[in-house]
Amino acid sequence: VWSRAVDPATGAPSGSPLLMPGSVTSYAGAPSQSQMLGRTPIVAVPGRPGVFFLAYPGGYPATTKVLLWQVGSPSSVTVVNEAGDHNQVSLAADAAGRLWVFWSHFAAGGDHIYARRITAAGPQLAIDLGAPAGTAAVYALDGAVAPNGNPEVLALIGHSNGTAGTYYTRGPQLAPVPPPVLGKAIDAGLAAGQVLVKLPGRAAAA
C-alpha cells in the first residue's frame, strides 16, 4: 500500500510515492499483502500542521497486526499483534490531539470491535466496544471520539443468519493519569522538542 502527497492547489501528485511500512509481508519467500477492503483512514493532528497518520492492517495470510504510521517515518508502530484477523481499521484524533485506533478482531465466536488510545508512552489498554449477538463479520468501521473523551464507533455488521445492519456504541471514558508521587513516580509526555534527563553524577542524555 502506497502513500503520496498531492499539491493542495492543483491536486497533482507531489514528491515520490512512499510504501507504507508493514503493509507488505514476506510469505513463502515472496512479498505478500492482505489489504483492508475499504478506505485507508488518514488523520491530521490538531495543532501540528503537516503531520499526518495512517492506520491499516498488516500480516499475511492472516492480518494479525494493526499498524499506525506517521507519514514519512521509516517504520510503523504496532498497535496490536495477536492471532486472528483484523480486517477493518479506523483512526481518529480527540480534542487534545491524541490518536485513537479502532479495529475489528475476528476470532473464534465472530468479530468484535476494539479501541485504543495512543500516548507518548505508547498504546494504552484496549477498550472492548463489543458487537451485536450473532455478528459474523464487520464490513466497515468508522471510529471517533466524543467531546467528553469517550470513544465511539459506527460499523456495518454482517450477521450469522445472512442479514446485515449497523451498530453504534460509545465506550467508557478512560481514567485520568494518577498524579506523580514525590520521590517515587512521575508522569510526563513529549509535547515538542527534546527532553533531557540528568542523573546525579552523570551528563544529561536524551
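Worth saying up front: this structure is predicted, and the values here are computed from it rather than measured.

## Here's the deal with the pattern of salt bridges
By the definition in use, this model includes two salt bridges. Between Arg170 and Glu152 there is a salt bridge, with its nearest N and O atoms 2.9 Å apart. Within this pair, whereas Arg170 is found in strand 16 (residues 164-170), its partner Glu152 is found in strand 15 (residues 151-159), the two being separated by 18 residues in sequence. Residue classification places Arg170 among the partly exposed positions, given a relative accessible area of 44%. On the accessibility criterion, Glu152 (16% relative accessible area) is buried.

## Focus: the pairing of strand 1 (residues 2-6)
Sheet topology note: the strand 1/strand 2 (residues 13-19) ladder contains four bridges and is antiparallel. In the sheet register, Val6 faces strand 2, and the bridge partner there is Pro13. Between the end of strand 1 and the start of strand 2, which pair antiparallel, lie six residues, with Gly11 showing a positive phi angle near 80 degrees.

## Structural notes on the packing of aromatic side chains
Counted according to the given criterion, the structure contains two aromatic pairs. Measuring from centroid to centroid gives 6.0 Å for Trp103 and Tyr114, while their planes differ by 20 degrees, and the two rings are stacked. Of this pair, Trp103 sits in strand 10 (residues 99-107) while Tyr114 sits in strand 11 (residues 110-119), placing them eleven residues apart in sequence.

## Some thoughts on the environment of Leu129
Within the secondary structure layout, Leu129 lies in strand 13 (residues 127-130). On the basis of relative accessible area, Leu129 is assigned to the buried category, the value being 4%. Between the C-alpha atoms of Leu129 and Ser104, which are 25 residues apart in sequence, the distance is 9.6 Å. Apart from residues lying up to four places away in sequence, Leu129 is in contact with Phe102, Ile113, Tyr114, Ala115, Val153, Tyr167, Thr169 and Gly171.

## Quick look at the nonpolar core
Counting residues in each nonpolar core, the largest one holds 17 residues, and the members touching the most others are Leu68, Val79, Leu91, Leu99, Val101 and Trp103. When contributions to this core are tallied by element, the ones reaching two or more residues are strand 6 (52-58), strand 7 (65-70), strand 8 (77-81), strand 9 (89-93), strand 10 and strand 11. Per element, the largest residue contribution to this core is three residues, and it comes from strand 10. Counting 14 residues, the second-largest nonpolar core is a separate cluster that includes Leu129, Ala155, Ile157 and Tyr167.

## Quick notes on the confidence of the model for the chain
With 86% of its residues at a pLDDT of 70 or more, the chain has an overall mean of 85. Within the chain, the lowest mean pLDDT, 66, falls on strand 12 (residues 122-123), and the highest, 95, falls on strand 9.

## So, the sheet that holds strand 6
Here we have four strands laid out as an open sheet, ordered 5-6-7-8, and antiparallel in their pairing. Two strands in the sheet have a free side with no partner beyond their single neighbour: strand 5 (42-44) and strand 8. Within the sheet, the average angular offset between the axes of one strand and its neighbour, ignoring direction, is 20 degrees. The pairing of strand 7 with strand 8 spans four bridges and is classified as antiparallel. Each residue of the ladder has a partner; that of Lys65, found in strand 8, is Asn81.

## Topic: the side chain of Glu152
For Glu152, the side chain forms a polar contact with the side chain of Arg170, separated by 2.9 Å. Aside from chain neighbours lying at most four places away, what touches Glu152 is Phe102, Asp142, Gly143, Ala144, Val145, Ala146, Tyr168, Thr169 and Arg170.

## So, the sheet that holds strand 14 (residues 135-145)
Backbone hydrogen bonds are what pair the strands of a sheet, in a parallel or an antiparallel way. Strand order across the open sheet formed by three strands is 14-15-16, with antiparallel pairing between neighbours. Looking at which strands have only one partner, the edges of the open sheet turn out to be strand 14 and strand 16. Here the average twist between neighbouring strands, direction ignored, is 20 degrees. As judged from the nine bridges shared by strand 14 and strand 15, these two strands associate in the antiparallel manner.

So, how was this worked out
- Numbers given for residues are sequential positions, taken from 1 along each chain in its written order.
- Local features in this predicted model are restricted to residues whose pLDDT is 70 or higher, and side-chain atom pairs enter the listing and the counts only when it is 80 or higher, whereas totals over whole chains, interfaces and linings include all residues.
- The basis for the side-chain values is all heavy atoms of the structure; hydrogens and waters are excluded.
- Whenever Lys or Arg places a side-chain nitrogen within 4 Å of a carboxyl oxygen from Asp or Glu, that contact is recorded as a salt bridge.
- By definition, any uninterrupted DSSP run of H or I lasting at least four residues is a helix, any uninterrupted run of E lasting at least two residues is a strand, and each is numbered from the N terminus.
- Burial here depends on accessible area, computed with a 1.4 Å probe over protein chains only, as a share of the maximum for the residue type. Under 20% is buried, over 50% is exposed, and the range in between is partly exposed.
- At least two bridges found by DSSP between two strands are what make those strands a pair.
- Note on aromatic contacts: the rings of Phe and Tyr and the six-membered ring of Trp form a pair at centre separations within 6.5 Å, being stacked when their planes are under 30 degrees apart, edge-to-face when over 60 apart, and tilted otherwise.
- Working rule for contacts: check all heavy atoms of both residues, and any pair within 4.5 Å makes them a contact.
- Here, nonpolar core refers to any group of buried Ala, Val, Leu, Ile, Met, Phe, Trp, Tyr and Cys residues whose side-chain atoms link them within 4.5 Å.
- Each residue carries a pLDDT score, the predictor's confidence in it, ranging from 0 to 100.
- With axes taken as lines fitted to C-alpha atoms, and helix axes fitted only over the stretch in contact, angles between N-to-C directions fall between 0 and 180 degrees.
- Pairs of N or O atoms within 3.5 Å make up the polar contacts considered here, provided that, within protein, one atom can donate a hydrogen while the other can accept it, and that residues adjacent in sequence are counted only when both atoms are side-chain atoms.

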